[in-house]
Amino acid sequence: MNSSFFRAIQLIVSGNSEVYFIAFTSLKFAFSSTVIATLISLPLGMILAFKHFTGKAIVVVVLNSLMALPTVVIGLILYSLLSRSGPLGGFRLLFTPVAIVMGQSILALPIVASLVYSAFSGISKELPETLETLGARGFSRNLMIMRESGTAVLSAVLSGFGRVIGEVGVSMMLGGNIRWYTRTITTTIALETSKGEFELALALGLILIAISFLVNFSLHMGMRYAE
Amino acid sequence: MQNNFLSLKGVTFSYDARLSNVLFIEDLELERGGTTVIVGPNGSGKTTLLKILSGLLKESGGELKLYGRAVTNGAREKLCRMSVFVHQNPYIFSGSVRHNIEYGLKLKRLPRNERNGIVAKVLNKVGLKGLEHRNALSLSGGEKQKLAMARAMAVEPDVLVLDEPDAHMDADSRRSIEGILQELSAGGKTLIISTHNEAFAYRIADRIVRLEDGRLVSPSVNILRGRLSGGDEHFSYFESSGTTILCPPVTGDFNSAVIPCEDIILSASGIDASTQNQLFGRVSNIEKESYLFLVTVDCGVPLRALVTKKSVEILEIREGKKLFVSFKASAVKLY
């Protein structure tokens, strides 16, 4: 095990092209799905926090319960929709990056939306009125609300990113772990470990930890700088 | 009444259709220009009324008119754009003092050099000069209130609506706020202000409206602007538009004399009694005030007396009628 660890370090340091391709693929998928989930969550969270409508409580409860949705269930549902015989089979999306990003977006959405909603509900009710009375409407108003809820919205987005970068169920079932195509850090770790080959798995595990750390660290530094 | 900017008829408001009304305004007319102060205890509906008047809340029932036209959604936007509402506990944006004031100006797309001038001007006015780059969230409660006022003044609204602007202020700050409000009013702005501090209200108000449990209660006081011009061992003399009024012997910096309308006696001839103030003038207006009449007599200063129907008949009160107006020095309160 010890020697596996050193060989893992060696793989990283030597710039092994497959290791870095896999890491890049994982990042690409996680980044795209987090962006998609955030773009849907921000307006959704804003509507939930500031508009009154019937059934709002139900939407919030559903979102909260979906936060615990198992990745394999999303994988299963999308698999049955995207497979050749499924209703969306004609698009031939199964085992493509698009399928993974779709699955991961669905996975991240309830988390980001719930946390964005609670970030906006935590805002004092004077803020929207102050913005309105000073003449802010539409986009500039929403932008200011986001700015004022600052770290809470950022945490929501980071939680979504954390959820998708580390998941294996969706990537495995919808991506198929195809080498140089849909193979991600987590699917590789699962595969290599089951084969008894720990070096690559460990190397990728270390990179995964480093990515999580770096993303969090740089965003928080960015926030501090912005303030 | 001419020059009506806002009029409310039977305006009600409830936060939830299932709940009862928190506000019921039978009839309220607001003129353009001047300072209207809404007084009343906590929970009487002052804030709700102010938010309706500044277009932030939509009334649940009744009719709100802006310059004689019913306020529909488009007009509400217009109302909202012409006024700025300042909360009792204002929301201060995170960032610098300057960022807070500039925000409304950036929305108006003013160029940077113009913004600089306005920021400096309003900060100077509210007494926060030199704090431009301070973190706004580190200001004290009173300073935040002043910042919020500066932020509102910066966008130069026609109407400034302030919810208890004196709430977090010490006596000195309150005086400086009074000065600012008087200056704004003199500059032609319409001010609508709520407070539960009567002295503050009387010092700044052209007109006082009292709210109790969401309903308007006629305050029926005369507010005369002026200053103390002298005094002797018995009285102080309060000078208002050339008319001298005798008051209890007091000293201090007063700018308003307040006389309740029900303490004013109207008579056809002079009366010889303990009423030390006796003026003479012509009736300029008669208004029915539920079962009483509010008679305005112009004696150099307009004075309103609350009288019964019987008195109106006996004295044959009508517009233009000449009458004596008497009231005790002890009925005059100075603020």
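Rules used throughout
Along each chain, the written sequence defines residue order, and numbers are assigned to residues from 1. Lettering of chains starts at A and numbering of ligands starts at 1, both following the order in which they are written. Local features in this predicted model are restricted to residues of pLDDT 70 or higher, and side-chain atom pairs are both shown and tallied only at a pLDDT of 80 or more, whereas totals for entire chains, interfaces and linings draw on every residue. Note that water and hydrogens are dropped before the side-chain values are worked out from all heavy atoms of the structure. Throughout this description, the term salt bridge denotes a Lys or Arg side-chain nitrogen within 4 Å of a carboxyl oxygen of Asp or Glu. Strands are runs of DSSP state E lasting at least 2 residues, helices are runs of H or I lasting at least 4, and numbering of each runs from the N terminus. Burial here depends on accessible area, computed with a 1.4 Å probe over protein chains only, as a share of the maximum for the residue type. Under 20% is buried, over 50% is exposed, and the range in between is partly exposed. Pairing between strands is defined by DSSP: at least two bridges between the two strands are required. Angles shown run from 0 to 180 degrees and are taken between the N-to-C directions of axes, each axis being a line fitted to C-alpha atoms and, for helices, limited to the stretch in contact. Every residue pair with non-hydrogen atoms within 4.5 Å of one another is taken to be in contact. By buried area we mean the combined loss of accessible area, with a 1.4 Å probe, across both parts when two parts are placed together. Whenever two N or O atoms come within 3.5 Å, that pair is a polar contact, provided that in protein one can donate a hydrogen and the other can accept it, and provided that, for residues adjacent in sequence, both atoms are side-chain atoms. The definitions used throughout rest on a 1 Å grid laid over the protein atoms alone, on which a cavity is an enclosed set of points accommodating a 1.4 Å probe that cannot get out and a pocket is an open set flanked by protein within 12 Å on both sides along at least five of seven lines; lining residues are those having an atom within 4 Å of a point. Grid points are joined across faces, edges and corners, and a volume is the space filled by probe spheres set on the points. Amino acid classes used here: Ala, Val, Leu, Ile, Met, Phe, Trp, Tyr, Cys and Pro are nonpolar; Asp, Glu, Lys and Arg are charged; the rest, including Gly, are polar. What marks off one domain from the next here is an automatic or database domain assignment.

Caption draft 1: Region of interest: the pattern of salt bridges. Within this structure, the stated rule accounts for 25 salt bridges over all chains. Across the pair Glu-18 of chain A and Arg-179 of chain A runs a salt bridge, and its minimum N-O distance is 2.7 Å. Of this pair, Glu-18 of chain A sits in helix H2 (residues 17-50) while Arg-179 of chain A sits in the loop between helix H8 (169-175) and helix H9 (185-195), and the two are 161 residues apart along the sequence. Among the residues examined, Arg-179 of chain A registers a relative accessible area of 46% and is labelled partly exposed. The partner of Arg-210 of chain B in a salt bridge is Glu-198 of chain B, with the nearest N and O atoms 3.0 Å apart. Here Glu-198 of chain B lies in helix H7 (residues 198-204) and Arg-210 of chain B lies in strand E9 (residues 207-212), a separation of twelve residues in the sequence. Because the salt bridges share partners, they merge into one network encompassing Arg-98, Glu-102, Lys-106, Arg-115 and Glu-132 of chain B.

Caption draft 2: Expanded view of the pairing of strand E6 (residues 83-86) of chain B. Residue and element names in this part refer to chain B. Neither face of E6 is open: one carries Ser-83 and Phe-85, the other Val-84 and Val-86, and all of them are buried. Examined bridge by bridge, E6 and strand E7 (residues 159-163) share four bridges and lie parallel to one another. Directly across from Val-86, in E7, lies its bridge partner Leu-162.

Caption draft 3: A look at the sheet that holds strand E13 (residues 236-240) of chain B. All names here are of chain B. With antiparallel pairing, the three strands of this open sheet are ordered in space as E12-E13-E14. Looking at which strands have only one partner, the edges of the open sheet turn out to be strand E12 (227-231) and strand E14 (243-247). Between one strand and the next, the sheet's axes are offset by a mean angle of 35 degrees, whatever the strand orientation. In terms of strand pairing, E13 meets E14 through five bridges, oriented antiparallel. Bridge pairing links Ser-240 to Thr-243 in E14.

Caption draft 4: Representation of the interface of chain A and chain B in the model. Listed by partner, the interface residues are 17 residues for chain A and 20 residues for chain B. Buried area between chain A and chain B, both sides added, is near 1,800 Å², and the carbon and sulfur share of it is 55%. The largest share of the area that chain A buries against chain B comes from Glu-129, Thr-133 and Leu-134 of chain A, three residues that together contribute 36% of it. Summed over the shared surface of chain A and chain B, the result is two salt bridges. Where Glu-77 of chain B meets Arg-137 of chain A, a salt bridge forms, and the shortest distance between an N and an O atom there is 3.0 Å. Counting every contact that joins chain A to chain B gives eight residue pairs in polar contact (both at pLDDT 80 or more). Where the side of chain A that touches chain B is concerned, the elements lending two or more residues are helix H6 (126-133) and helix H7 (138-165) of chain A. In terms of residue count, H6 of chain A provides more of the side of chain A that touches chain B than any other element does, seven residues in total.

Caption draft 5: Quick peek at the layout of surface pockets. For the largest pocket, the calculated volume is near 1,500 Å³. If you trace the largest pocket, you find 42 residues lining it, with Arg-207, Ile-208, Glu-287, Leu-294 and Arg-304 of chain B closest to the centre. Looking at the lining of the largest pocket, the elements with two or more residues in it are strand E2 (23-31), strand E3 (34-39), E9, strand E10 (215-217), strand E11 (221-225), strand E17 (277-289), strand E18 (292-298) and strand E19 (302-307) of chain B. It is E2 of chain B that provides the largest number of residues to the lining of the largest pocket, a total of six residues. Of the residues that constitute the lining of the largest pocket, the class distribution is 17 nonpolar, twelve polar and 13 charged. When residues are assigned to domains, the lining of the largest pocket turns out to be shared by domain 1 (4-219) and domain 2 (222-334) of chain B, each giving three or more. By volume, the second largest pocket amounts to about 970 Å³. At the level of elements, H2, helix H5 (97-121), H6 and H7 of chain A together with helix H2 (73-82) of chain B are the ones that each hand at least two residues to the lining of the second largest pocket. For the lining of the second largest pocket, the per-class residue count stands at 16 nonpolar, six polar and nine charged.

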